Amino acid sequence: MKNKILIVMLCVGPVLFSCKNAEETRIETSGPEVVDFRLLPFELKDVTLLEGRFKKGVELNEKILLNYEPDRLLAGFRREAGLPQKAEIYGGWESATLAGHSLGHYLSACSMMYQTTGNEEFLKRARYIVDELEIVQNAHGDGYIGAMEGGKKVFEEEVAQGIIRSAGFDLNGIWAPFYTHHKVLAGLRDAYQLLGIEKALDIAVKFSDWIYEIIDDLDYDTRQDMLRCEYGGMNEVMADIYGLTGNEKYLEMSRLFHDNFVIDSLAAGIDVLPGKHGNTNIPKAIGLARRYELTGDQTDRKTAEFFWDRVVHYHSYVTGGNGFREYFGPAGKLRDRLGPNTTESCNVYNMLKLTDHLFTWEGEAEKADFYERALFNHIMAHQHPETGEVVYNLSLDMGGRKAYQNPFHFTCCIGTGMESHAKYNGHIFYHNNEELFVSQFIAAELNWEEKGLILRQETAYPEDQGTSLEFKLEQPLKLTLQIRYPSWAEKGMEVRVNGRRIRVKEKPGSFVAVSRTWKDGDRVEVKIPFTLRLETMPDDENRIAVFYGPVVLAGDLGPANDPKVHEPLYVPVFVSDHRNPAEWMEPVKGEVNTFMTRDLGYPRDVKMKPFYQTHDRRYSIYWDLYTTEAWEKEKEAYEAELERIKQLEESTIDYFQPGEMQPERDHQFDGEHTRPERFRDRPARTATGGWFAFDLEVDPEVPNALVVEYWGGGYRRNRIFDILVNDVKLAKEDITSPVGNIYIHKQYDIPEELTAGKTKIRVKFEAEDNNIVGPVFGVRSIKK
Ligand SMILES: [Zn+2]
């Protein structure tokens, strides 16, 4: 059902004015979408980035992308098709059963980068990859393409027959295969849509048909079992293929990738996200958003909006990132979820994709504000400004540092990083027939060919507190310019047209409309004075972060390898009877957006500068703020608790997190009759009448001990089990009886003969008879 387009221009006339009460204009796309939009983005090729941090970000990404060898990304695809490999397979997750996901991202990134930079090499590479995938598909002869070892056989002989095995993070022994299929299909879609490579769509359709044969006959319950394993954005890419072909079969497929345990609960308005894996679930919401655009299904739309609202308002940190060790926690409880493994970059990449869909529907400034928050405070912050390397989990640890990844150690975040830094230009300007929206303040030139308009935005924002826009026109153009008025702009926004100040009636958190007949050479100057302000944890108003305008400030604590990092109060506390940071901080001369705290930090003051400019340093984003009186009371207890945690951390040689995919892989996890658990939204593992085992590093030079974390609240069924090291029994444990509703640490000394000459031990938890092991929340090896 197509809604009619409202073309309304109530604001006309020769004089300047702010067009506040104009009836909203909307736009239809020329594509397959059946709903109308408040605004639409421009194509990447229509917007050229000008000199500045964002252009630099693209250039860094360009260098990394051109260093990859397509034949190495394709090697697994050829091997699985029985074709000779042209090059060696890459390492990282490309050498595991997630193989192939990087090629999908790479094909998407090359497609975007050709539009963004015009570099022909990207077009050449995308064409080559598509040609190679065609050869691979022809060699299989049935539509399949894949690089996961033995993946096709597992699908045909097991999954298609309704045999579903999953230990929580894999499907019949293959690591999240639909996640990878989604990436490959999305790469083909982008090569078709952005580069016009026709056969990319043919290959994607044939591959989708092969997938259809696998899943079509599965009964509902079996399919739900299958969907318990991460399936990426299969619902999104199937909807897209429906949109591109008009064939309803793919719309049906999009709906087959629909789980009842997350999506249906969200559709009913229930936030089931606590305890769920972040990046498994965000793509599902993107799929719903896309399907709404292609079908008008209001349930899909509402579910996607509900998801966005819950993640942004209840599960996100000040940087716009979400997730602690990749998982959502209890709603609105973030205070104690800080550590090195917060805010996976894929989650932000995907939340920005979702935000962009929602923004186009109603043009709400709230969505553009969130885009700015996450773009400046996560995406820009996670790319190293010299090497272009990106961070997987962007640490919000108090005293943390950024852990950049080797671009050749392929992970999910290396993949999404390839795309995140290829498409900034797609999110700056938006339009409908009558209006041009300036959503992000990034130096760029828009070529709106249809209107004969070139709009040049010049700014070093957020190093400038504003922006300027210059119109280049062949002939005068009647148009409403909509400039984002950020919600944080508490000192207002000043807009001048050709030097003449216009009256801004709008409030922060909206768009300022300037309607007029624009002429060649017209200039708009925008000033948005920054202020210092606090943002707090939702569950603790005294754990705070400091913003200056759009950017969160990080306190610079020392070099990344600072030996003092384990000292108590390495991260100072803030002590003040005021809550206005303007009273605590002084600008540092000659350093833009940089401040020094003044008589605030205990035991020392700190230099605060934008997080996106903080690299190769120890930092904190969050701080504990005390009044003078409260600090006097807290000081002793605070220092004692810090000391206890520091001592445990300091003596830790290796830490194993049971129940989470990546740590389990890293520690060669194995087990029988065991499963991952969540308790109070913390990951753990149990084994009922079974066992689990993993490797742990030790220090052969000193006496070692194991420290295991359990829940002390007691259990109804017996929890008696043995702990073994290298098959030697270390202890018999019984955690059945309650000792209090707290987490408890138990220490087990390891006899020195078990660690002598070794750097690694095998730790095993084994149930006694039909008892249950655990739940075990964490295991660390420590120096005694
Ligand atoms: Zn990731």
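Residues numbered from 1 in each chain as written. Predicted model: local features only at pLDDT ≥ 70, side-chain atom pairs only at ≥ 80, totals over all residues. Heavy atoms only, no water.

1. A few points about the sheet that holds strand β10 (residues 466–473)
Part 1: With respect to topology, 7 strands assemble into an open sheet ordered β3-β8-β9-β10-β15-β12-β13, the strand pairing being antiparallel. Two strands bound the open sheet, and with one partner strand each, they are β3 (47–49) and β13 (500–501).
Part 2: Sheet analysis places strand β9 (residues 453–458) next to β10, joined by 6 bridges and oriented antiparallel. Its bridge partner lying in β10, L455 is registered against F471. (Pairing = 2+ DSSP bridges. Helix = DSSP H or I, 4+ residues; strand = E, 2+ residues; numbered from the N terminus.)

2. Points about the coordination of the zinc ion
Part 1: Protein coordination at the zinc ion: the donors are E344 (OE), C346 (SG), C412 (SG) and C413 (SG), at 2.1 to 2.3 Å from the metal.
Part 2: Between the 4 donor atoms coordinating the zinc ion, the angles at the centre fall across 94 to 123°, so the site counts as tetrahedral.
Part 3: Summarised as a motif, the one-chain spacing of the donors to the zinc ion is E-x1-C-x65-C-C. Within this pair, whereas E344 is found in the loop between α13 (298–314) and α14 (345–362), its partner C413 is found in helix α16 (residues 412–420), the two being separated by 69 residues in sequence. As far as the burial class goes, E344 and C413 line up, both buried. (Donors = N, O, S within 2.8 Å, 3.2 Å for Na, K, Ca; no water. Tetrahedral: all angles 85-135°; square planar, octahedral: opposite > 155°, others 65-115°. Buried < 20%, exposed > 50% of the residue type's maximum accessible area, 1.4 Å probe, protein only.)

3. Remarks on the pattern of salt bridges
Part 1: Applying the stated criterion across every chain, the model contains 61 salt bridges.
Part 2: The residue E158 makes a salt bridge to R165 at a minimum N-O spacing of 2.6 Å.
Part 3: We classify R165 as partly exposed; its relative accessible area is 43%.
Part 4: Each of E24, R26, D36, R38, R301, E305, E362 and E435 takes part in one network of salt bridges that share partners. (Salt bridge = Lys/Arg side-chain N within 4 Å of Asp/Glu carboxyl O.)

4. A closer look at the sheet that holds strand β35 (residues 778–783)
Part 1: Taken in spatial order, the 4 strands line up as β26-β35-β29-β32 in an open sheet, and their pairing is antiparallel. Each edge of the open sheet is held by one strand with a lone partner, namely β26 (652–656) and β32 (743–750). When strand polarity is set aside, the average angle formed by the axes of neighbouring strands in this sheet is 20°.
Part 2: In the sheet, strand β29 (residues 704–711) pairs with β35 via 6 bridges, with the strands oriented antiparallel. When the bridges of β35 are listed, E709 appears paired with G778.
Part 3: In the packing of helix α17 (residues 628–651) onto the sheet, contacts are made with β26, β29, β32 and β35, and the angle to β35 comes to roughly 80°. (Axes fitted to C-alpha atoms, helices over the stretch in contact; angles between N-to-C directions. Contact = heavy atoms within 4.5 Å.)

5. A closer look at the packing of aromatic side chains
Part 1: A full pass over the atoms with the stated rule returns 43 aromatic pairs.
Part 2: When the centroid spacing of 5.0 Å and the interplanar angle of 80° are considered together, the rings of F54 and Y424 count as edge-to-face. Taken together, the residues F54 in helix α1 (residues 53–67) and Y424 in the loop between α16 and β6 (429–431) connect sequence positions 370 residues apart.
Part 3: When the ring of F692 is compared with that of F765, the centres are 5.3 Å apart and the planes differ by 20°; the resulting orientation is stacked. Here F765 lies in strand β33 (residues 760–767) and F692 lies in strand β28 (residues 682–697), a separation of 73 residues in the sequence. In this pair, the class of F692 matches that of F765, namely buried.
Part 4: Put simply, the rings of F54, F376, Y424, F441, Y461, W488, F530, Y548 and F595 pair up and form one aromatic cluster.
Part 5: The cationic tip of K249 hangs over the ring face of Y212; the distance from NZ or CZ to the ring centre is 4.7 Å.
Part 6: Positioned above the aromatic ring of W691, the side-chain terminus of K764 is 4.9 Å from the ring centre. (Phe/Tyr/Trp six-rings, centres within 6.5 Å; stacked < 30°, edge-to-face > 60°. Lys NZ or Arg CZ within 6 Å of the ring centre and 35° of its normal.)

6. Side note on the layout of surface pockets
Part 1: Estimated volume of the second largest pocket: approximately 1,600 Å³.
Part 2: Secondary-structure elements contributing two or more residues to the lining of the second largest pocket are β2 (40–41), α3 (101–117), α6 (177–195), α9 (234–245), α12 (278–295), α14 and β8 (444–448).
Part 3: With 7 residues, the top contributor of residues to the lining of the second largest pocket is α6.
Part 4: Class assignment of the residues belonging to the lining of the second largest pocket gives a composition of 15 nonpolar, 17 polar and 18 charged.
Part 5: When we break the lining of the second largest pocket down by domain, the ones giving at least three residues each are domain 1 (17–30 + 428–527) and domain 2 (260–408). (1 Å grid on protein atoms, 1.4 Å probe; cavity = no way out; pocket = protein on both sides within 12 Å on 5 of 7 lines; lining within 4 Å. Points joined across faces, edges and corners; volume = space filled by probe spheres on them. Nonpolar A, V, L, I, M, F, W, Y, C, P; charged D, E, K, R; others polar. Domains from an automatic or database assignment.)

7. Concerning the side chain of K284
Part 1: Position of K284 relative to the elements: it lies in helix α12.
Part 2: Residue classification places K284 among the buried residues on the basis of a relative accessible area of 3%.
Part 3: Here K284 is in contact with Y231, G232, N235, D259, F261, V262 and I263, once residues within four sequence places are set aside.

8. Thoughts on the packing of α14 against helix α15 (residues 365–379)
The packing of two helices is summarised by the inter-axis angle and the distance between the axes.
Part 1: At a minimum axis distance of 10 Å, the contact between α14 and α15 shows a crossing angle of 160°. When the axes of α14 and α15 are compared, the pair comes out roughly antiparallel. Handedness of the α14/α15 crossing: left-handed. On α15, the residues touching S345, V348, Y349, M351, L352, T355, D356, L358 and F359 of α14 are K367, A368, F370, Y371, A374, L375, H378 and I379.
Part 2: Of the residues contributing to the contact of α14 with α15, the split by class is 12 nonpolar, 3 polar and 2 charged. (Parallel < 35°, antiparallel > 145°, perpendicular 65-115°, else oblique. Left-handed = near helix turned anticlockwise from the far one by under 90°.)

9. Let's talk about unusual backbone geometry
Part 1: In this structure, P462 follows Y461 across a cis peptide bond, with omega equal to 5°.
Part 2: By secondary structure assignment, the location of P462 is in the loop between β9 and β10.
Part 3: Residue P603 follows Y602 across a cis peptide bond; omega there is 10°.
Part 4: Here P603 is to be found in the loop between β22 (601–602) and β23 (607–610).

10. Overview of the state of the cysteines
Part 1: Counted under the stated rule, the structure contains 0 disulfides.
Part 2: Unpaired in this structure, C110 has its nearest cysteine sulfur neighbour in C346, at a distance of 18 Å. (Disulfide = S-S within 2.5 Å.)

11. Some details on the domain arrangement of the chain
Part 1: Per the domain assignment, the segments of the chain are domain 1 (17–30 + 428–527), domain 2 (260–408), domain 3 (532–626) and domain 4 (653–783).
Part 2: Once you take the C-alpha centre of each, domain 3 and domain 4 turn out to be 37 Å apart.

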